[in-house]
Each structure stands twice: as C-alpha cells, then as structure tokens.
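Here is how the chains run, residue by residue.
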Number of protein chains: 2
Amino acid sequence: MANRFRHPHINFLNVLGILGAFIFYLGFALLAPMFIDLIYDEGIWHTFLYSASIAFILGGALYYFFKPEEELRIREGFLVVSLTWLFLSLVGALPFVISGILPSYTDAVFETMSGLTTTGATIFGGETSSGFLNPNIESLPMSILFWRSLSHWLGGMGIIVLTLAILPLLGVGGMQLFRAESPGPTTDKLTPHIQETAKLLWEVYVAFTGLEFLLLWVHPSMDWFEAINHAFATLATGGFSTKDASIQAFDSVYIDSVITLFMFLAGISFAMHFRLLRGDIKSFFNNRETRFYTLITLISIFIVSLSLWLFNEYSVGDALRYGSFQVVSIVTTTGFGTDNYELWYSLGSVFLFLLFFTGGCAGSTGGGVKMIRWLIIIRNTFREFKQMVHPKAVLPIRIGDKTIDHHIQRTVLSFFVLYLIIFGLGAFIIATMGFDLESAIGASIACLGNIGPGWGEFGPTDNYAQIPYIGKWVLIFMMMIGRLELFTVLLIFTPAFWKQ
Amino acid sequence: MANRFRHPHINFLNVLGILGAFIFYLGFALLAPMFIDLIYDEGIWHTFLYSASIAFILGGALYYFFKPEEELRIREGFLVVSLTWLFLSLVGALPFVISGILPSYTDAVFETMSGLTTTGATIFGGETSSGFLNPNIESLPMSILFWRSLSHWLGGMGIIVLTLAILPLLGVGGMQLFRAESPGPTTDKLTPHIQETAKLLWEVYVAFTGLEFLLLWVHPSMDWFEAINHAFATLATGGFSTKDASIQAFDSVYIDSVITLFMFLAGISFAMHFRLLRGDIKSFFNNRETRFYTLITLISIFIVSLSLWLFNEYSVGDALRYGSFQVVSIVTTTGFGTDNYELWYSLGSVFLFLLFFTGGCAGSTGGGVKMIRWLIIIRNTFREFKQMVHPKAVLPIRIGDKTIDHHIQRTVLSFFVLYLIIFGLGAFIIATMGFDLESAIGASIACLGNIGPGWGEFGPTDNYAQIPYIGKWVLIFMMMIGRLELFTVLLIFTPAFWKQ
Ligand SMILES: [K+]
Ligand SMILES: [K+]
C-alpha cells in the first residue's frame, strides 16, 4: 500500500479525511436514540453515548489529521462514496453490540448496512448459524428500534443527494441523465453544488416525513413513536418496522392506505417533488419516468388484485387493499408487508416476483433497476427492431423531449446486464451454503435490489438470521453495491481504477 | 390482408412458394419412419405415407402455384425463416395424430416443434389437462420414436445453415459476426451462398453423426436403432431419447462418455469443425468462442463435480461422470439426463440452473444465449469500467484479432436483455396457469433456451403433458423464438416491419 499513498490521481489522506467528517456527523445521529432511551427509561442510554463518543473521536481524529482539501478528484469521489456506506455501517453497528443485544458484530453490521442502504432485511427474530437466538423485533428496546429507523431515514436522504447531485457528476450507470433535473446551482464545482442541492431536497424530505408522521399519529393504533419510526422507514423505502408482523400488525385500512400513498411518493424522484412544491406542476406530470412508474404500478395493482380476487377468494376491497399495498411496497423496494405473498396463487405471486426487478424512479429513495432504465431498455428494444428493417439509419432514443446519448444507452444496457449477472452470482453464493433455488434467488435479489424480504426461507415472514456469517458479508456487500448503482463500488475492484 | 399482398417490400406469394418447397422436402423426411415401421412391422406405415402425401401435395401445390423468384428480399427472408419452423411443425405433427397416438393436435405440434427446434421437451408420459394419458416414450412405436429423433436431426442441420449462412445476411442479434467465418463462397447473392455453405456443413454434420452412431452401436446395450436415434439427438443437441429415463437407462460409463464428447462437439460451431477437418487446426484452437466455451465447460464440471463429491457423497469417479454429463448436457442445451439434478445439494443444482442461461457456440446446434454473446457481454462490462476512469476515450472491444463494431455490441446487449424479458414474461404466463415459481421459470427457460427439461413440475424426470393447451402454444412459440434468435420472429410483430 505504501506507494499507493503516492497515487497521482488519488490522495488517500483526503479520502480518509472526508470519511472522518461523515463519521463525526454520524455521532450526532447516534445521540438521538439516547434521548429515546431516556424518555422510555430503558437504561441503555450509555450505549448510545459510548457509540457517539467513538464516532466523534474516530471521525474527528481522521478529519483533523487528514484535513481534506476543498476539491475532490473523480477517483477520490468513487472511493468516498463507496467507503462512506461501509464505514458508517461499521460504526453505526456499535449500539447493537455495546448494548449486548447482538453478540455478533457481523449481524450488527448487517442490520446497519440494511438500514443505511434502506434495504430493511433483518437478522432479528431467528437463530444464527452459531446457535444464538437473535431477539424478536418487538422485544427490542425503543432506542434500538429508533436507531434502525433512523438509519433508514439518513440512508435515504444520503441516496437522494447521491443520485441527484454526485453520481451524475461521476457518470455512473447513466445517472448523467438527471444532472439537468436536480435543483441547486448548475455550477461544475462539486462541493457548492452538492451542498445547495442537498439543502433543498432535505427540506422536501423532511416535509414529507413530517406529513406522514402526522397522518399516522392521528390513528389510534399508532402512538407517536410508532408513527415516527414508520414515517422514517416509508420515506426511505426502507421497510424496518417496529412490529414482528410488519404493517399487518396494525390491521388498519387507514394505515395501509397512508403508507401505500407515501411509499408511492417516496418512489418518485425528489427533484420532481421539489419542482412540484415550487408550483411547477407541468414538469411533474410531464416527466416520462414518473408517468411510466405510475403506469407500471397501476397495471401491477390490477393484475395482482385480480389474481387475489379470482383465485384467493379475497373480496374486491381486500384484493385491492392487499394487492396495492404489496405491489407498491415491492415496486418502490420498501418491503413492508401486510400479507404473505408466498401463499398467493401463482399468478399473483410470480408476478410480484417479477416486480422485484423493477424499482422506483431514479432520484427517489427506491432501489432496484429503476424505472428510467426500464424505459430506456424498452425503447432500445423497439429501436433494435426498427434498425433491422433500416440497417443504415441512425435511430435516436427519445424520452420526452430529451434524446438519450448513445453512450448513456449503452451504459444503461450494461448496467442491467451487470445487475442480473451479480444477481445470479449472489444466488449461487447463497446456494453454496445449502439454501434451495427459490431462497437463494430471493435473498440475492432482495438484497441487491434493497427490497428486504425475499422468498423461500427468506420470505416475508422470515428473516436473515440463519445465514452463515460469510454469507451475511456477501449480502452486506450486495446491499451496498446495489444501493450505490453497482459501478460506483465495483469500479474500485478493477485494474483500470488503480492504473496510474 | 388484401392490400398486404401488394406490400412494396414483401411478395407474400414468393414467401408461400418457398415454404411450399420446404414442406415438399419434409415429405421425403416423413417417408423415412415408414421404412422403420416396415422393418419392425408395427403396422402404422400408412400413417407416414399419408403424412408424406399431404406434405407432397400441399408443398407441391404451394410451390407450383406461387413459383418463387430467385431473389429474396430482406423482409421476405424474415418471414420465410420464421414461418418455416412453424409450417414444418404443423405438417410434421401429422404422424402423431394420424396414428392415433396423440388425440390432441396441440400436443403433436408441441412435440414436433420441440423436435425441430432441438428442444427435446416432451408431452409423452403424463396426463394432459383434458385428462388423456399420453403414452410413455418406451411404449411408442419405433417409427414414431425415429420421427422424433429425425425431427431433431433435421432441425439441427437447419439451424447450422440458418446461423452461419442466413442470419448473418439478415443482421439478426449480432450474427453478422460469423459471416466471414462460414465456409462457402463469399458472394453477396443469398441463394448460391446458402446452398454452397449448406452442402459443406452438411457433410461435417453427417460425418459426426455417423461416427457417434458407430461408437454407440458397438456397445452391447445399444442396438443400431437406439444408436442412430441417440446420435441424431446428440448432434442436434436435441435431447429426445428412446427411453423414459433418458441416457440413465443405459447406465454405462462408456455410453455416457461418448455422448458427453459428442454433445460437447455439437456445441462448437460447425464452421470451426469444417475448418478443423480441412486441416486448419490453428484457427480452430485460436477461436475465442471455442476457447471460452471449453473454459466455461471445464470450470462448471469442476464446480458441479466437487459439489457432488463433497455434499452428495458421490465417489470421485461418479462425481466426474454425472457432473460432466449433466454440465455438458445443459451448457450445450441438449437436455439428456443421467441424474436428477433437482436432488443435488443446492451448490451443484443452483449452479446448473445458472448454466441454463449459457448455451453453446453460435453456429453449433446449441440454443440459449450462446458463448460469443457472453464473451462480448463480459468484455463490454470491463470496458464500461474503463470508460468511467477515461470518460472521453473511445474504447473498442476486441475478440481475438477482431474488433466488434459498436452496432453489434449494442445488438448483443439488446439481445440478452430481450432474452431475459421474454424469459420473465414466459414464466409469468406459465404461472397464471397455477404453476409455482420454480416450475414456471424452469419451463420458461427450458423452452426459450431449447434445453428441454426444466425444474419443479417440469424437472428432468417429468414432462410437459399437464400444461393447459393455451400454455403449450405459448411454449411452442417460445421454443420457436428462442431457436430463431428472438429478433427474427419478433420483428414480424412490430409495426416497423409492416410499414410500407
Ligand atoms: K427496502
Ligand atoms: K435440447
């Protein structure tokens, strides 16, 4: 590594310094659950004080000793983005371990990465491969539950800023597309652009969270604590609940509807919400990705509800209620549950499985392939046919009034292909540990797509406790690369990145 | 349709005339099983005489009345290719129905399309959705068994010519790549090129079939009839057997080895075999696709055999025997079986599932995605990473000493994406009929990839009898589009094709 520190395009101390700043800020977040503990008097407030102190000291030291420069170079940017989610998960895992709730640091990091990537896959409520029985969600202290939800919420905000302000500048996975759409100054300087964009989007995100919190709180089944936790997990399309049975535990049409609505909103680009709130209604409704996302969601609700009504003998009302909740939960990659989709008649359940490969809009908190990519993929397919009839013609792809650069077309196709390859490899690795086909592909796509619940042994009523520790690290990695649009993280493992 | 007949780019009578010629030739093929029946004296020789007569009269009439022109235009080419497999299946299905063996014409067409596309999925040996018990394979007359194998063999030959001589000219799915590689004159005129190429490849195909036939025949477990049938099914990477238990029925290391070897050879481009037989050893071993195919096969054999040895407690010899047979059978999309891979420990069985998405070399009789596309996909992924570090650079993709045109790169990526989309849609359609996730995705990929056996209810020890008739037509269509490289057939369903 010694000569790496003299890499001409990467100043590692600079990278460490910035990561230090993030870890330092995480310290403030770690103090929040301490107050929850003090309110409910569960006696583990020192857990969070210790964790926060470690974050302050470690982060502060890194920042102080490697005082980062103003300007980030492109390769440093990739390192910072990738390592941020990793380092924050490593530090954010401390409360689970310091409190003694999880004896396994791996499990703690899994849960934190699952939180910060807004995946919502949990290791609570099952027996680990080393025979420890991880506690049920409902037996966890309030402060720990709050920390899980908060990790979602912070991760979700991070993702919005990343997608709309940082990845377009780094040119990852076709994200250049959204450069013009994001609010904030259109300067080429990274730092002021990011800060200004982040501030504007932050306001929208907070406003939506506050609104959902209020709408949930007014319902008698939800106290303020449950309302805030679920609002966090919804806006982040995260999926951690304070109940073992997820949203099903509340059994309320009202709560289902509110959460369905806000999951749907969280799946739309926050740049679009920003414009809408500024009164630019036209550009919101003209946005092709938003329209496509809405169309896919509505068609899917129709198909799944029809299946529930016809073959599972649900009433029309129930079919629509459970069908729409589960469709929106999967399309947005939230992963909340009000029904066990594995028990559905195959038409509905296999269709839902296909929806695991969709994902929300880019610039939302949703994960997965994302709607804009699907739109480009579909347009590209039709173009390909046209090209066969007119072999010499130059045929552009247009989304709305925008022509998609052929470079971005190729990158989007490559993204999709790589996504599926990694999905396949992930499934294989899980299978090596003795899990059957359905469980293996379920765990793989649920983590890579940041959805949470999968299939088979990792279905909506199960959890990820039983996977051997090495498998948990694989899934930690998959959550991370899925969340960071694959290329961002994987680039670091290619020789091209390190070539001087 | 009336004004369609005056389409400026398509002369429908010309298309019908050519199809007539193919149907007429099929008549000769239909006479072959008649002789088998006369030899074994099973009393259904008239079945084949009637079928052949219909083919002669129908095909002859079409040819005579719509006497096709010498020159085929590009859109006519697409129609001819797509409709050939359909029309020949419709006519080739007659013996199953005329003999009274199958009361359902759908089942008969399914079996014939499965034969001609070298899929090897069978509807024999199970109860249909209308309650009829289709006979077991071993209770079928010899002549019918021979017709099944012969349909494989003819379909395989058709595919070699199609891939190496016709599709490159039509520009389908990146197949332009192989234009330079195929033998025969390098003229741009379609007809002489195709005829000359076909003749040269035909000789190789016949020689290999003859050799395998002899090698199988010398084994005491195989009589000449079984030897010829399995040689046909092997070279075509078809997979129909004369035994209910497929190759497992013979339980011979020698037979397993011979078939493994010839499946492997059948998965290599016949243009390469042609060169090899002409003494051009260097270009055979320098061919990147052949090398990649060999590498993937060897690695897969290692992984699967290791799993069988470690987790299924096979001896080293058995692990290699069953592992290599099943790997080669799936990679080449043959679908023969010597072992029930669904019972394997998940490592081996899920890995084999991933191999369902590979396929042989282009220009072989193998189906699926094909090795050359995987090679381009992998190279493209690495290029994409390199591009992120050097955003302005123009980075080519090279396979051997050939630079892949960016047009072809895009087409290959588009092919793969479309392949997976159709796979997903196919699985959904099968699921609407009440089949579970594993069965649905198994049937979909097994038919689209022209493999044959799938998973779950359509595993290696099952068959396709129970699927409702509408589902059988869907799978017939999937076998056809998979075999004809998707674009060829699907193009006909796009408006671009019909635009004047
Ligand atoms: K989620
Ligand atoms: K086959």
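Here the residue numbering is sequential within each chain, running from 1 through the sequence in written order. Chains and ligands are labelled by the order in which they are written, letters from A for the one and numbers from 1 for the other. This being a predicted model, a pLDDT of at least 70 is required before a residue's local features are given, and a value of 80 or more before pairs of side-chain atoms are given or counted; all residues contribute to the totals for chains, interfaces and linings. To obtain the side-chain values, all non-hydrogen atoms of the structure were used and water was disregarded.

Looking at an unreviewed UniProt entry, one finds chain A named TrkH family potassium uptake protein and attributed to Fodinibius salicampi. UniProt positions are given in the numbering used here, feature names are shortened, and annotations may be inferred rather than shown by experiment. Looking at chain A in UniProt, the text filed under Subcellular location (unreviewed entry) is "Cell inner membrane".

The next subject is the pattern of salt bridges. Close approach of charged atoms allows side chains with opposite charge to pair. Note on definitions: salt bridges are taken to be side-chain nitrogens of Lys or Arg within 4 Å of carboxyl oxygens of Asp or Glu. In this structure the tally under the stated criterion is 18 salt bridges over all chains. D256 of chain A is the partner of R321 of chain A in a salt bridge, and the nearest nitrogen-oxygen pair spans 2.7 Å. One end of the pair, R321 of chain A, is in helix α13 (residues 316–331); the other, D256 of chain A, is in helix α9 (residues 253–266), with 65 residues separating them in the sequence. Per-residue accessibility, obtained with a 1.4 Å probe over protein chains only, is compared with the maximum for each type, and a residue is labelled buried under 20%, exposed over 50%, and partly exposed between these values. By relative accessible area, R321 of chain A is classed as buried at 15%. For E226 of chain B, the salt bridge identified is with K243 of chain B, shortest N-O distance 3.3 Å. For helices the rule is a DSSP run of H or I covering at least 4 residues; for strands it is a run of E covering at least 2, with both sets numbered from the N terminus onward.

This part takes up the interface of chain B and chain A. For interface size, the figure often reported is the accessible area lost on association. In what follows, a contact means two residues having at least one pair of non-hydrogen atoms within 4.5 Å. The interface of chain B with chain A comprises 57 residues on the first partner and 57 residues on the second. Where chain B packs against chain A, one counts 2 salt bridges. Close ionic contact of E384 of chain A with R410 of chain B constitutes a salt bridge, the shortest N to O distance being 3.6 Å. Mapped by element, the contributors of at least two residues to the side of chain B that touches chain A are α3 (74–92), α14 (346–355), α15 (371–389), α16 (406–432), α17 (437–448), α19 (487–490) and α20 (495–498) of chain B. Under the convention adopted here, Pro, Cys and the residues Ala, Val, Leu, Ile, Met, Phe, Trp and Tyr are nonpolar, Asp, Glu, Lys and Arg are charged, and Gly plus all remaining residues are polar. The residue makeup of the side of chain B that touches chain A, split by class, is 35 nonpolar, 15 polar and 7 charged.

Now for the environment of L235 of chain A. Residue and element names in this part refer to chain A. Topologically, L235 is positioned in helix α8 (residues 224–235). Of the residues examined, L235 reaches a relative accessible area of 0% and is grouped as buried. For the pair L235 and S51, spaced 184 residues apart in sequence, the C-alpha to C-alpha distance is 26 Å. Those residues in contact with L235 that lie beyond four places of it in its chain are Y205, F208, T209, E212, F262, A266, F270 and T365.

In this section: the relation of the copies chain B and chain A. For this overlay, a least-squares fit was computed on C-alpha atoms, restricted to residues scoring pLDDT of at least 70 in both copies. The transform that puts chain B on chain A rotates by 180 degrees and translates by 0.0 Å along the axis, for an RMSD of 0.0 Å. Here the two chains are linked by the operation of a two-fold rotation axis. Comparing interface residues between copies, 100% of those in chain B also lie at the interface in chain A; the contact surface is shared.

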